[in-house]
Amino acid sequence: MDNAGMKRGIVIKDDWPGHSLDLFTYPEHYHKDIECVYIPHGVIMNRIERLAHYIMDDFGDKNIMVLCVLKGGYKFCADLVEFIKVLGRNSNKYLETRVEFIRLKSYLNDQSTEDLHIIGSSDLSFLRGKSVLIVEAIVDTGKTMKALLKHVETFEPKMVKVAGLLVKRVPNMAQSLTDYVGFEIPNHFVVGYALDYNEYFRDLNHICVISNTGKMKYKV
Ligand code: HPA
Ligand code: MG
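Residues numbered from 1 in each chain as written. Chains lettered and ligands numbered in written order. Predicted model: local features only at pLDDT ≥ 70, side-chain atom pairs only at ≥ 80, totals over all residues.

Caption draft 1: Main features of the overall build of the protein. Tallying secondary structure elements over the protein gives five helices and 10 strands in all. Taken over C-alpha atoms, the radius of gyration comes to 17 Å for the protein, in line with the 17 Å a tight globule of 220 residues would show. Projected onto its principal axes, the C-alpha positions of the protein cover 50 × 40 × 30 Å. Expressed as a percentage of the 220 residues in the protein, the buried residues total 34%. Sequence-distant contacts, at least 24 apart, represent 68% of the contacts inside the protein between residues at least 6 apart. (Helix = DSSP H or I, 4+ residues; strand = E, 2+ residues; numbered from the N terminus. Rg over C-alpha atoms; globule rule 2.2 N^0.38 Å. Buried ≥ 20, exposed ≤ 12 C-beta atoms within 10 Å, placed from the backbone. Contact = placed C-beta atoms within 7 Å.)

Here it is, written out as structure tokens:
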């Protein structure tokens, strides 16, 4: 299977302007708050189906312990696990998936803060000896992911892989941490498909670029 497509994902170039808003449907209340539809929901879904194929091939017939990183990863995780189940049913290679959740927070407004917090359950002893798939919506500098991987490793899982829907092209980007990449995107702040700006925009299906109006309106 094509390893570049797995590791780098669909590469979105710096000059990609996104799709005009009037070509798609989206919640009316966000009308002035987004610039463009950056990645349409249907494209996201099909890419996730592809990632599910890669994962099925790698994990073989084992059980997968899925570790969903909340809150941004909830949609990606739900859709990814669903595709893994459907593919399993259709190929008689049914993978047993158990989903657990971990909550991290490191962003305020559109800026990364220094401190990484693991909120909620940090006792991950159920990972011992298991094949673990960490599911995260977005990986940029990898600071969060490195800290999480270190934490997970202390519970001695058999193997750990990372699925990132988006990897951001930032200086010192952390591509190598992510085994399954949906899309590699430029350094824009994006929202939608469970990605938030101060908790707003999670109810938007597409991944969109926030407008200045949106940034002002929902600033804390
Ligand atoms: N959008 C939402 N949350 C994020 C982003 C982003 O672009 N980067 C890191 N957390
Ligand atoms: Mg957030």
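After presenting the structure, the write-up continues.
Caption draft 2: Representation of the nonpolar core within the structure. Ranked by size, the top nonpolar core spans 57 residues in total, and within it Leu80 and Val135 carry the most contacts. Of the residues forming this core, the biggest block, seven residues, is contributed by strand 6 (residues 131-139). What Val135 contacts, discounting residues up to four positions off in sequence, is Val66, Leu67, Cys68, Val69, Gly73, Phe76, Cys77, Leu80 and Ala163. (Core = buried A, V, L, I, M, F, W, Y, C linked by C-beta atoms within 7 Å.)

Caption draft 3: Representation of the sheet that holds strand 2 (residues 34-39). With antiparallel pairing, three strands are arranged side by side in an open sheet as 2-10-9. Single-partner strands in this sheet number two, and they are strand 2 and strand 9 (190-191). With four bridges joining them, strand 2 and strand 10 (residues 207-210) adopt antiparallel strand pairing. Residue pairing for strand 10: Cys36 is matched across the bridge by Val209. (Pairing = 2+ DSSP bridges.)

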